[in-house]
Amino acid sequence: MARAGRMMMAMPTLLLLLLALLLPGQTRASSGGSGGSFQRALVLDMARVLLENYCFPENLHGMQHAITQALRSGEITSITDRRTLAAVLSAGVQGALNDPRLAVTFEPGYVEPMATPALSLLPREQLARLVRGSTKLEVMEGNLGYLRLDRIVGRETAARLGAAGFGFLQENVWNRAARTRALILDLRHSVGGELSGVPQVVTFFSDAGTPATLIETVYERPSNSTRQLWTLPRIPGQRYGRRKDLVVLVSKRTSGAAEALAYALQNLKRAIVLGERTSGGSVRVDKIRLDDSSGFYITVPTARSTSPVTGQSWEVNGVTPSVPVRPKEAVSRAKALIVARATIPRAVRSVSELIRRFYASRDKVRALLERLETADFFAVVSEDELAAKLNYELQAVCEDPRLVVKTTDSAPGDPEEPTATTPGDDSSDLASALTLPDDVFTVEVRSGNTGYLRFDRFPDGAALSRLERQMVRKVWEPIRDTERLIIDLRANTGGPSGALSLLLSYLHERSPPVLFYTLYDSVQNSTTEFRTLATLGPVYGWHRDVYVLTGQHTAEAAEEFAYLLQSLRRATLIGEITSGNLLHSRSFRPEGTRSILVTVPVLNLVDTHTGECWLGGGVVPDAIVPADEAEETTAGDIVAFRGEMRTLVEGAGALLGDHYAFPEAAARVRTFLEAKRRDGSYRSVTDYESLASQLTSDLQETSGDHRLHVFYCDDVEPEAPPPPPPHELPKLPSSDDDDDDNAARVIDALFKMDVLPGNTGYLRSDSMPDAEALKAVGPQLLTQVWGVLVWTDALVIDLRYNTGGYSSSIPLLCSFLFGPEPSPRHLYSVYDRASSSTTEVTTLPQVGKGARYGEQKDVYVLTSHMTGSAAEAMARALQELRRAMVVGEATAGGSLSSGMYQIAGSILYVSVPNQAVLSAANGKPWSLSGVEPDVAAQGADALNVAKRLIARQRQKDARRGRG
């Protein structure tokens, strides 16, 4: 038996290979030999039966050679015990084809059972009793139907029953079931039936006029035929329809046609299946004798089912219930489920009505209502799932984190439920106070003449207005002459927002008036603008710095206050992200639900700076630090940095005015920077790194020049010389002597050269060398490079990976591509800001004897987004002079020269292009825009495109020559 065990482990692969013997041309004689002839014959019989009957014939092909080798090994033929042989073959075929229904058995005394007569062959009266006994309908309290089907009646059986027999079922079962408000279909005991009856039942649960739906496809191998089960265009009697709830009960006994019915209703989203996983039966499984005398049988599934919805089947694995429960509890759970689902339409309508009445973003209401109207709640089986489904559908449309549907244990009206508080709500004892208590505001003047204001709860707006004179005396007059102000909201848990405008007014100038924010109230259907108010005392004004300290407990009106100060660019926020608990929502319990809570934003605070509604989610400070470190951070590094920020911003603008190659653009940028500083746009900047990033963005946005860049070097002393420009390349080694090896190394470092098929020259340069280096290797360059390329019929110059270098070599390189001229060709001009002079760059009158490529042969220059600086200048010059066709990607736009300048003796530096490349054709600068290719192509494919262009041109030349 040990050997048999080893055989069983090897058989999955072995049996797969074995089945290949069934390919055309294989017979019993193919086994050959005398030893093990019985085993070989048995294997061939099994293979024949599988090929003729197994419902997955596509799995049996392609293994002839390997199984022949396995048979020759003798492992199968050496098994003499027939039961062991059957077990080995059974395990192997199951593992190989991954089908547990396949089984080989040795049963010498097996007597085939008498075939069960088809239902349609039974006497009509007996058939009627059988069908009636397998069908039971009960209408329970509340018009809840319970229909038990222990057998699916097929079309043949229905026809045999006749009009009288089937009419009894129609009138007393199906028509009565159609009139119930919800139905439980019990298939827990259904172990028989006919697949042909499934379409009629599925059609009963669909609406009249619904297009025919393919339910299932059944393939039968013995006849090699396929039949499709479709819903019916009409059925006798009434329909249950699609809109009412249907719960199907299943158990591990449920099999055959009942499984097909449950699977179809579940995947057509018509029923919720509740119970146990079904048995995993089969459409048809046959037990077939392998020969007439050996006693070996093989059990084979001869038909298979496939769902067009899932592409899979209920066979073998069974139907997985949507709600797993024990069979004994299935009916009670189904009743509870129907009760729960009965609340869904009312709950959805209630949520829709709440959104229609209260949702503040009115422009999204229609889309939300349409989404809820068309949403599919088929799979919802609990209030938790209903809440999750509603929340998903709403967020898919509005993406508003304030609009939330969730389940909660709190009862309506519990304190935990958020409620809306509108401006002016009275939540403060100040409403009835005659004097302003000393503990409402804490005011101090600290070292460095820094004002400090703390309040841990927002006072009521109306009350604070009545007590404004006392507030002026206790708050604003003590800090009126401070140089800066710290407002501490770290422990401020909020309150009503009615005091926002008054407090904001004291932090702005009296004139001109400022629109702080707009508030839309959906309950009142009103829009209110909140502007600067007339104050009774001195205002702190706009120009002095204000720092707001926040913490994770900062909430409600305190968050709004912090958000508005940040949005209005009036203050710098330092600390932790706030709680995200706004005052803009109300919570409701949808009708018919017990645990669902819908939170609807009823107020929209519109940010006047962006014009967008604030969706909450917490306010993110400009400098995020732990709350207990916020005050120390403000008093230290940030205040010190803010003291020199004006000098840094003005210094960056001044450097552009002095050195930028485009004076008009420099003046425009300088004005823009100063305007941004004055309107508070740099109040969100808290350190050198963020200032460098912000200045870089502003410089590039205003000028359109991506080469302008501000960066910081915190490890460089202010008096140290600035670092070299990042694109500057070290000079290549020159050859001062006649060392040919050294010159060859220099040339190899500069150029990659080849002659492509079709006598096309290829020259690649990844950096622009210094002219002095080229002159040093001039003789070798003429012989090793130009001496080879000059004889080609077309030339490709590859600058795709050339990021620039020295522009001094451009005249020499371009000169090789022109013929001898009476006067040099104007390539481009260079305007130098430092000297305010313009220099023309031209080709050279002489380049060496016999070295010119000439102007008659085509030249193609390859570019990519990496091509920059001097490489761009060369490509653009050849393009404008129509000496070369540029193929590839548009270049980024570089500069021949950039200077690095220190800003006001700080650790900040600005890179400024101080030269402009002017077009030889029109005298206008082009370096900002780069080079647009004549033929656009992906950089990686540019060489292939150039080859095709060359081939096409040669074909044209050939046709022209023949003409």
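Residues numbered from 1 in each chain as written. Predicted model: local features only at pLDDT ≥ 70, side-chain atom pairs only at ≥ 80, totals over all residues. Heavy atoms only, no water.

> Please explain the sheet that holds strand β10 (residues 272-275) as it appears in this structure.
Sheet strands pair by backbone hydrogen bonding; their relative direction is either parallel or antiparallel. With mixed pairing, the six strands of this open sheet are ordered in space as β2-β3-β5-β9-β10-β13. Every interior strand has two partners, whereas the edge strands, β2 (135-140) and β13 (323-324), have only one. Note that strand β9 (residues 245-250) and β10 share four bridges and pair parallel. What sits directly across from Val247, in β10, is Ile272. Against the sheet, helix α9 (residues 330-358) engages β2, β3 (144-149), β5 (182-186), β9, β10 and β13, with an angle of about 160° to β9. (Pairing = 2+ DSSP bridges. Helix = DSSP H or I, 4+ residues; strand = E, 2+ residues; numbered from the N terminus. Contact = heavy atoms within 4.5 Å. Axes fitted to C-alpha atoms, helices over the stretch in contact; angles between N-to-C directions.)

> I keep staring at the packing of helix α10 (residues 365-374) against helix α11 (residues 383-398) and nothing clicks. Help me out?
Each packed pair of helices is defined by two parameters, the angle between the axes and the distance between the axes. Put simply, α10 and α11 touch, their axes get as near as 9 Å, and they point 145° apart. Where α10 crosses over α11, the handedness of that crossing is right-handed. Between α10 and α11, the contacting residues are Ala367, Leu368, Arg371 and Leu372 on the first element and Leu390, Tyr392, Glu393, Leu394, Ala396, Val397 and Cys398 on the second. Along the lines of polarity and charge, the residues of the contact of α10 with α11 split into nine nonpolar, no polar and two charged. (Left-handed = near helix turned anticlockwise from the far one by under 90°. Nonpolar A, V, L, I, M, F, W, Y, C, P; charged D, E, K, R; others polar.)

> Sorry if this is basic, but what is going on with the pattern of salt bridges here?
Two side chains of opposite charge can pair, provided their charged atoms sit close to one another. What the rule picks out here adds up to 38 salt bridges. In this structure, Arg677 engages Glu674 in a salt bridge whose closest nitrogen and oxygen atoms are separated by 2.6 Å. With a gap of three residues between them, Arg677 and Glu674 both fall in helix α17 (residues 663-678), about one helical turn apart. The partner of Arg825 in a salt bridge is Glu855, and the shortest N-O contact between them spans 3.1 Å. (Salt bridge = Lys/Arg side-chain N within 4 Å of Asp/Glu carboxyl O.)

> So what exactly am I meant to see when it comes to the sheet that holds strand β36 (residues 915-919) here?
Strands sit in the order β31-β30-β36 across an open sheet of three strands; the sheet is antiparallel. Two strands bound the open sheet, and with one partner strand each, they are β31 (837-842) and β36. Within the sheet, the average angular offset between the axes of one strand and its neighbour, ignoring direction, is 25°. Alignment of strand β30 (residues 826-832) against β31, held across six bridges, turns out to be antiparallel. Within β31, the position partnered with Tyr828 by the bridge is Val841.

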